Amino acid sequence: TGDGVEVWRSGRFQRIASGAQLPHPEAYSLLPEADRTWVGTRAGVAVLRDGRVETPAVLAPLRNAQVNGIVRDRAGRLWFATSSGLYLLDTHNRLVRYAEAEGLVDPRIRVVLETREGRLLIGSTQGLYEWRAGRIVPLGQQTGLAGDIAITALLELANGDWVVGSSNGDGLHVFDGGRWHALGSNQDLPVNIPFFLAEHAGHLWVAGMQGVYRLPLVDLMRTL
């Protein structure tokens, strides 16, 4: 929430960490795991474990960054999408930062997604990228996606297609494996800035600044 972290338990919300206990009161992103919960705030990261709030010293470089997303990949590494770059906490507890020097036009990272094939996609305020063995590689510019697209959400559909939400131009972009397709008001979709995408029961759900809508996937595929 805007003032700490709460859990739904026995029919009620119960606070498990107040805003005063966190690096910043606003818990902006969460990664719940079996033995701990990682909390990204507007000023760094905290860990909730056994009723305690911890601030790992290795993550001190994130204290001035807004943490927009936290992902643990299948290799056990932690990825932090932040306002000051992409951070990797490897399995040896070493922190690595990726920013302009590594190939990002703009270091403000909004979202990270690991695909089912193990590819790590990076959505920034200026472009879509992929992390490849320590290199940051731009994606989509040769297949119909603008290099300066401001990405706000990422999703891989069950059929393997990728969906991107953006805050500039058309709200949705779909990659069918060969080319990107822009979807927006020309396809009678609501004008929105998607910040969350989900697939459920044959529909693509889109939550954004103007509300929530769902799009039948069969109709989506007909537009590609």
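Nothing here was measured: the structure is a model prediction, and the numbers come from that model. The residue numbers shown here count from 1 along each chain, following its written sequence. With pLDDT at 70 or above as the cut-off, local features in this predicted model cover only qualifying residues; side-chain atom pairs require 80 or more to be listed or tallied, and sums for whole chains, interfaces and linings still use all residues. Side-chain metrics rest on all non-hydrogen atoms present in the structure, leaving aside hydrogens and water.

**Q** Which residues make up the overall build of the protein, and what values do they have?
**A** Helices and strands together make up the secondary structure of the protein, namely one helix and 21 strands. Relative to the compact-globule value of 17 Å for 224 residues, the protein shows a C-alpha radius of gyration of 18 Å, a close match. Three labels apply to residues, based on accessible area from a 1.4 Å probe with only protein chains included: buried if under 20% of the type maximum, exposed if over 50%, partly exposed otherwise in between. Each of the 224 residues in the protein was classed as buried or not, and the buried ones make up 46%. Contacts in the protein between residues far apart in sequence, at least 24 positions, make up 35% of those at least 6 positions apart. Residue burial considers only the protein chains on display, and all accessible areas are found by Shrake-Rupley using a 1.4 Å probe. Summing over all exposed atoms, the protein offers an accessible surface of approximately 11,200 Å²; the carbon and sulfur share of this is 49%. Helix numbering and strand numbering both begin at the N terminus, where a helix is a DSSP run of H or I of at least 4 residues and a strand a DSSP run of E of at least 2. Our radius of gyration looks at C-alpha atoms and nothing else; its globule reference is 2.2 Å times the residue count to the power 0.38. Contacts are assigned to residue pairs that have any heavy atoms within 4.5 Å of one another.

**Q** Let's hear about the pairing of strand β1 (residues 4–9): which residues, and what values?
**A** The pairing criterion for strands is at least two bridges between them, as found by DSSP. In terms of strand pairing, β1 meets strand β2 (residues 12–18) through six bridges, oriented antiparallel. Within the sheet, the bridge partner assigned to V5 lies in β2 and is A17. Hairpin connection of β1 to β2: two residues between the antiparallel strands, including S10 at a positive phi of 55 degrees.

**Q** Tell me about the pattern of salt bridges, and name the residues and values.
**A** A pair is scored as a salt bridge if a Lys or Arg side-chain nitrogen falls within 4 Å of a carboxyl oxygen belonging to Asp or Glu. According to the stated counting rule, one finds 14 salt bridges in the structure shown. E54 is the partner of R52 in a salt bridge, and the nearest nitrogen-oxygen pair spans 3.1 Å. When salt bridges that share partners are traced, they join R49, R52 and E54 into one network.

**Q** For the sheet that holds strand β21 (residues 211–216), give the residues involved together with the corresponding values.
**A** Sheet strands pair via backbone hydrogen bonds, and the direction of the pair is either parallel or antiparallel. Strand order across the open sheet formed by three strands is β19-β20-β21, with antiparallel pairing between neighbours. Strands at the two margins of the open sheet, each flanked by one partner only, are β19 (194–200) and β21. Ignoring strand direction, the axes of neighbouring strands in this sheet form an average angle of 20 degrees. Angles shown run from 0 to 180 degrees and are taken between the N-to-C directions of axes, each axis being a line fitted to C-alpha atoms and, for helices, limited to the stretch in contact.

**Q** Got a sec to walk through the sheet that holds strand β18 (residues 180–183)? Specific residues and values, please.
**A** Here we have four strands laid out as an open sheet, ordered β15-β16-β17-β18, and antiparallel in their pairing. With partners counted over all chains shown, the strands left at the sheet margins are β15 (151–156) and β18, one partner each. Averaged over neighbouring strand pairs, the angle between their axes works out to 20 degrees when direction is ignored. The sheet contact formed by strand β17 (residues 172–175) and β18 spans four bridges and is antiparallel. When the sheet's bridge partners are listed, F175 is paired in β18 with W180.

**Q** Tell me what's going on with the nonpolar core, and back it up with residues and numbers.
**A** Here, the term nonpolar core denotes a set of buried Ala, Val, Leu, Ile, Met, Phe, Trp, Tyr and Cys residues that are joined through side-chain atoms within 4.5 Å. By size, the foremost hydrophobic cluster in this structure holds 15 residues, and its most contacted members are L157, V163, L172, L197, L204 and L220. The residues contacting L204, other than those within four sequence positions of it, are L155, L157, V163, L172, A198, Y213, R214, L215, L217 and L220. Y98, V112, L120 and I122 belong to the second largest nonpolar core, which has 14 residues in total.

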